[in-house]
Amino acid sequence: MSRAGLAVAVLDGAGHLSMLSPGLERLVHRTFEAVRAEALAETFHLYTEGGGRLLEPGEVPIVRASRGEVVDDAVVTVKAPGQPVRHLRVNATPIAGSDGEPQGAWAVVTDVTSLVAAARGELNRSMAETVNHDLRTPLTTILGHAELLIDRQDEFPPGAARSLEALWRAGQRLQDTVTSISAWIDLAFPSGRTPRGADVAEHPDRQRRP
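The rules behind these values
Residues numbered from 1 in each chain as written. Predicted model: local features only at pLDDT ≥ 70, side-chain atom pairs only at ≥ 80, totals over all residues. Heavy atoms only, no water. Helix = DSSP H or I, 4+ residues; strand = E, 2+ residues; numbered from the N terminus. Buried < 20%, exposed > 50% of the residue type's maximum accessible area, 1.4 Å probe, protein only. Contact = heavy atoms within 4.5 Å. Areas by Shrake-Rupley, 256 points an atom, 1.4 Å probe, with all protein chains shown as cover. 1 Å grid on protein atoms, 1.4 Å probe; cavity = no way out; pocket = protein on both sides within 12 Å on 5 of 7 lines; lining within 4 Å. Points joined across faces, edges and corners; volume = space filled by probe spheres on them. Nonpolar A, V, L, I, M, F, W, Y, C, P; charged D, E, K, R; others polar. Core = buried A, V, L, I, M, F, W, Y, C linked by side-chain atoms within 4.5 Å. Pairing = 2+ DSSP bridges. Phe/Tyr/Trp six-rings, centres within 6.5 Å; stacked < 30°, edge-to-face > 60°. Lys NZ or Arg CZ within 6 Å of the ring centre and 35° of its normal.

Student: Is there a simple way to explain the overall build of the chain in this structure?
Tutor: A tally of helices and strands in the chain yields five helices and six strands. Looking at the chain as a whole, 34% of its 210 residues qualify as buried. Taking all contacts inside the chain whose residues are at least 6 apart in sequence as the whole, residues at least 24 apart take part in 47%. Looking at the chain as shown, the accessible area adds up to about 12300 Å², and 56% of this sits on carbon and sulfur atoms.

Okay, here's the thing in structure tokens:
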């Protein structure tokens with residue numbers, strides 16, 4: 001198992017960690033010790049998938065398996081102090097005794113840190129591009145019509161002219177925001193593919209009104 005580099009843990013029938021492979025020791029940044037099931041999350045710094053909170057003792061996949069549950073593709077986050085955050089996918093299975101009752105459990109662990117990071121990056125890209133595109137089209141329409149009206153503002157009552165100027169200024173501020181989003185996309189995702197909506201930054205603003 002050491003040569004194969006498998007990341008495996010075993011929980012015995014008494015509720016103690018009885019084995020931690022070298023591969024898993026490297027992933028959790030800790031060497032083996034016979035930890036009780038109730039202390040696994042705290043000892044190994046096991047958090048929820050998003051890393052928001054420490055797992056409850058009964059939420060740890062191998063503990064769930066020791067109670068008879070087959071756990072498939074559970075993702076936990078390891079946040080060991082002073083170490084890089086890791087995301088681990090855990091498959092855990094009960095170990096049945098001769099009477100068919102659970103007598104512990106074993107778990108196989110896979111490091112999916114890079115996959116989680118890639119998925120989050122793609123989600124951020126998608127959100128940014130969507131916001132960029134959905135803001136750009138209506139904003140261009142609003143500013144275009146506002147500019148046409150501003151050219152004829154002398155024909156409007158004073159109150160309407162002031163409202164029109166306020167609308168124009170607000171639209172320009174929003175356009176600055178969209179342009180910033182475009183610039184952020186270009187910096188955050190400097191790949192060969194041009195993100196949708198990035199052309200906002202490529203078109204200079206119309207001459208700003210006073």
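Student: What am I meant to see in unusual backbone geometry here?
Tutor: For residues that are not glycine, phi is negative in most cases, and the peptide bond is trans in most cases. Positive phi, close to 55°, is recorded for H45, a residue that is not glycine. Residue class for H45 comes out partly exposed when judged on its relative accessible area of 23%. Phi is positive for D73, which is not a glycine, with a value near 55°. Tracing the sequence through the fold places D73 in strand β4 (residues 71-78).

Student: Just to check I follow, could you spell out the layout of surface pockets for this structure?
Tutor: In this structure, the second largest pocket encloses a volume near 160 Å³. Forming the walls of the second largest pocket are 14 residues, and the residues nearest its centre are G15, A37, E38, V63 and S66. Its residues assigned to classes, the lining of the second largest pocket shows five nonpolar, five polar and four charged.

Student: Any chance you could explain the nonpolar core here in plain terms?
Tutor: Side chains of a nonpolar character, in soluble globular proteins, are inclined to be buried together. Grouped together as the largest cluster of nonpolar side chains are 30 residues, with contacts concentrated most on L24, L40, F44, V60 and I62. Of all the secondary structure elements, the ones that give two or more residues to this core are β1 (8-11), β2 (17-20), α1 (22-28), α2 (40-44), α3 (61-66), β4, β5 (86-96) and β6 (102-111). With four residues, β4 is the single largest residue contributor to this core. In this structure, L139, L143, I150 and L164 belong to the second largest nonpolar core, which totals seven residues.

Student: What exactly am I supposed to notice about the pairing of β2 here?
Tutor: Side-chain direction in a regular strand flips from residue to residue, so the side chains alternate between the two faces of the sheet. Direction of pairing for β1 relative to β2: antiparallel, over a ladder of three bridges. Of the residues in β2, the one forming a bridge with V10 is M19. What sits between β1 and β2 in their antiparallel hairpin is a turn of five residues, with G15 showing a positive phi close to 85°.

Student: What is the right way to read the packing of aromatic side chains from this model?
Tutor: How two aromatic rings sit relative to each other is set out by the distance from centre to centre and by the angle between their planes. The final tally for this structure, using the stated rule, is zero aromatic pairs. Over the ring of F44 we find R30; its NZ or CZ atom is 6.0 Å from the centre of that ring. Over the aromatic face of Y47 sits the side chain of K79, whose NZ or CZ is 4.6 Å from the ring centroid.

So far we have only geometry, and geometry alone does not tell us how the molecule works.
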